[in-house]
Amino acid sequence: MAGLSIENVTKRFGETNALDKVSIQVADGEFLAVLGPSGCGKTTLLRMIAGFETVSGGRISIGGSDVSTPQMNVPPEKRRVGIVFQNYALWPHMSVAENIGYALKVAGVSRAEREARVKAALALVNMEQYGERRPANLSGGQRQRVALARCLVAEPSLVLFDEPLANLDVHLRASMEDEFADFHKRTGTTILYITHDQAEAMALADRIAVMDHGRLMQLATPRELYHEPANEMVASFISQGMVLPADVLTAEKKGECKVRVLGQELVVRCRPGEKPRRDARICCRASQIEAVKGKGDGFDGSVTRAVYRGGAARIEFEPDGAQQTCLHFDQPDPVSFAAGDRARLRLTSGWLIPAAGEGA
Ligand SMILES: Nc1ncnc2c1ncn2[C@@H]1O[C@H](COP(=O)(O)OP(=O)(O)OP(=O)(O)O)[C@@H](O)[C@H]1O
């Protein structure tokens, strides 16, 4: 297996900057997810790593050797990059074993070696007993495992997953997530996993690269993305974080500072070196909002929506004088809030979003 280095990569399609100076280092054996909304450049990045697309600027190297620069492009078949697509593209008239061994056959690998490698690849995805089956007689999850085995048989230096679970139903997705995680643990394969599903990325990846409009917004562990988003996009994209205007009142001390938000003063976590400033933003989570009884510290407003979801209700709330701001939190049973109710809320904590330009 090998590491992957993406350095300052830019891709232009006419006027469109599909990727803009993206840099991502994937360590040998790491599982890295690339996450972002539709059109953020995920597929373009994957196609460039695989060699199907040239780079306009920057450099891509695999295992320390350059494979893409504006001057040269190592062809896909010479990169030893495996790809698992969302549509498995298995040959229906071939058995599972034939599907997996086909590329080896075309490459002139002897029958004995082919059989041994197909058997080993089937074992890697826990499909030893299915070699003689036709793809039509497999479940969606099993087909995806065959597609993975077919990619592994070529002994790739890294494996790219292109939204591999997008076609599966919810239950199967969950069990395939477990299988992929297990597979990664067993084999130590370097994996770059493209998805727009953040739950999937969080469940699987060591680190996640969040992209938006062709730019890398933040590259961090799932926990860090959730607790310490580097900018407003990541704060609101990951787990529906709420972004609220704030004034920073005190300088950072022991990773915290005092802010004023919606008229309430509170202490939030922050990066080292933060200084008092106006027009800042904090990110807060549903679990950091609570109802206040009486006239304690907090802010008044109206409940705009209460949706019961079994065991708890999601309450949406508009603070007085802040029409653009919608807060949401969960109220466990017994649910008392209803649309139209007046209420007083307070924030219990939050994260001060670094000022623009402070980097990911
Ligand atoms: N061949 C092309 N010619 C022109 N523009 C392109 C081409 N391929 C991609 N783009 C543009 O580049 C941007 C990034 O597209 P890309 O397909 O990489 O996004 P994505 O994140 O994979 O989106 P999705 O999740 O919807 O597949 C988009 O604005 C897209 O319209």
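As recorded in an unreviewed UniProt entry, the protein goes by ABC transporter and comes from Nitratireductor pacificus pht-3B. Recorded in UniProt under Subcellular location (unreviewed entry), the annotation for the protein is "Cell inner membrane".

## Digging into the overall build of the protein
When helices and strands are tallied, the protein shows eight helices and 21 strands. Along the first, second and third principal axes, the C-alpha set of the protein runs to 80 × 50 × 40 Å. Evaluated residue by residue, the protein yields a buried proportion of 39% over its 360 residues. A fraction of 64% describes how many contacts in the protein between residues 6 or more apart in sequence connect residues 24 or more apart.

## A closer look at the pairing of strand β14 (residues 264-269)
With six bridges connecting them, strand β13 (residues 256-261) and β14 associate as antiparallel partners. In the strand pairing of β14, Glu256 is matched with Arg269. Taking the residues between adjacent antiparallel strands as the criterion, β13 and β14 are bridged by two residues, where Leu262 takes a positive phi near 50°.

## Points about the site of the ligand
All residues in the neighbourhood of the ligand are listed as Phe13, Thr16, Ala18, Gly36, Ser38, Gly39, Cys40, Gly41, Lys42, Thr43, Thr44 and His196. For the shell around the ligand, the elements supplying multiple residues, two or more each, are β2 (16-26) and α1 (42-50). With three residues, α1 is the largest single contributor of residues to the shell around the ligand. Residue composition of the shell around the ligand, by class: three nonpolar, eight polar and one charged.

## Looking at the sheet that holds strand β17 (residues 299-308)
Taken in spatial order, the five strands of this open sheet run β16-β20-β17-β18-β19, and their pairing is antiparallel. With one partner strand each, in any of the chains shown, β16 (289-291) and β19 (327-332) form the two edges of the open sheet. The mean angle between the axes of side-by-side strands here comes to 45°, regardless of whether they run parallel or antiparallel. When strand β18 (residues 312-319) meets β19, the two strands line up antiparallel, connected through six bridges. In the strand pairing of β19, Glu316 is matched with His328.

## Notes on helix α4 (residues 140-152)
For α4, spanning 13 residues, the distance from its first C-alpha to its last is 19 Å, which sits close to the expected 18 Å at 1.5 Å a residue. Here α4 lies mainly inside the structure; eleven of its 13 residues are buried. On its buried face, α4 sits against β7 (81-84), α2 (96-106), α3 (111-124), β8 (158-162) and α5 (170-187).

## Here's the deal with α5
The first and last C-alpha atoms of α5 sit 26 Å apart over 18 residues, in line with the 26 Å expected at 1.5 Å per residue. The inward-facing, buried residues of α5 abut β3 (31-35), α3, α4, β9 (191-195) and α6 (198-204). Gly188, located one to two residues past α5, shows a positive phi value of around 65°.

## Topic: the packing of α2 against α3
Across the interface, α2 lies against α3 with an axial gap of 9 Å and an inter-helix angle of 130°. By the angle between their axes, α2 is oblique relative to α3. The two elements α2 and α3 meet at a crossing, and its hand is right-handed. For the pair formed by α2 and α3, the contact residues are Ala97, Ile100, Gly101, Leu104 and Lys105 on the first element and Arg114, Arg117, Val118, Ala121 and Leu122 on the second. Across the contact of α2 with α3, the residue classes tally to six nonpolar, one polar and three charged.

Conventions used here
- Each chain carries its own residue numbering, running from 1 in the direction its sequence is written.
- The predicted nature of this model means local features are confined to residues of pLDDT at least 70 and side-chain atom pairs, given and counted, to a pLDDT of 80 or more, with totals for whole chains, interfaces and linings taken over all residues.
- UniProt positions are given in the numbering used here, feature names are shortened, and annotations may be inferred rather than shown by experiment.
- The way it works is that DSSP assigns letters per residue, a run of H or I at least four long becomes a helix, a run of E at least two long becomes a strand, and they are numbered from the N terminus.
- Residues with at least 20 neighbouring C-beta atoms inside 10 Å of their own are called buried, those with 12 or fewer are called exposed, and the rest are partly exposed, where every C-beta is derived from the backbone.
- Throughout, a residue-residue contact means that the two C-beta atoms, derived from backbone geometry, are no farther apart than 7 Å.
- Should DSSP find at least two bridges between two strands, the strands are regarded as paired.
- As a rule, any residue with its backbone-derived C-beta atom within 6 Å of a molecule or strand is reported as near that molecule or strand.
- Throughout, the ten residues Ala, Val, Leu, Ile, Met, Phe, Trp, Tyr, Cys and Pro are labelled nonpolar, Asp, Glu, Lys and Arg are labelled charged, and all others, Gly among them, are labelled polar.
- Axis definition: a line fitted to C-alpha atoms, over the contacting stretch in the case of helices. Angles run 0 to 180 degrees between N-to-C directions.
- Expected span of a helix, by definition, is 1.5 Å for each gap between consecutive residues, and there is one gap fewer than residues.
- Roughly parallel refers to an angle under 35 degrees, roughly antiparallel to one over 145, roughly perpendicular to one between 65 and 115, and oblique to any angle outside these ranges.
- Crossing chirality is assigned from the near helix's rotation relative to the far helix, an anticlockwise turn below a right angle marking it left-handed and a clockwise turn marking it right-handed.

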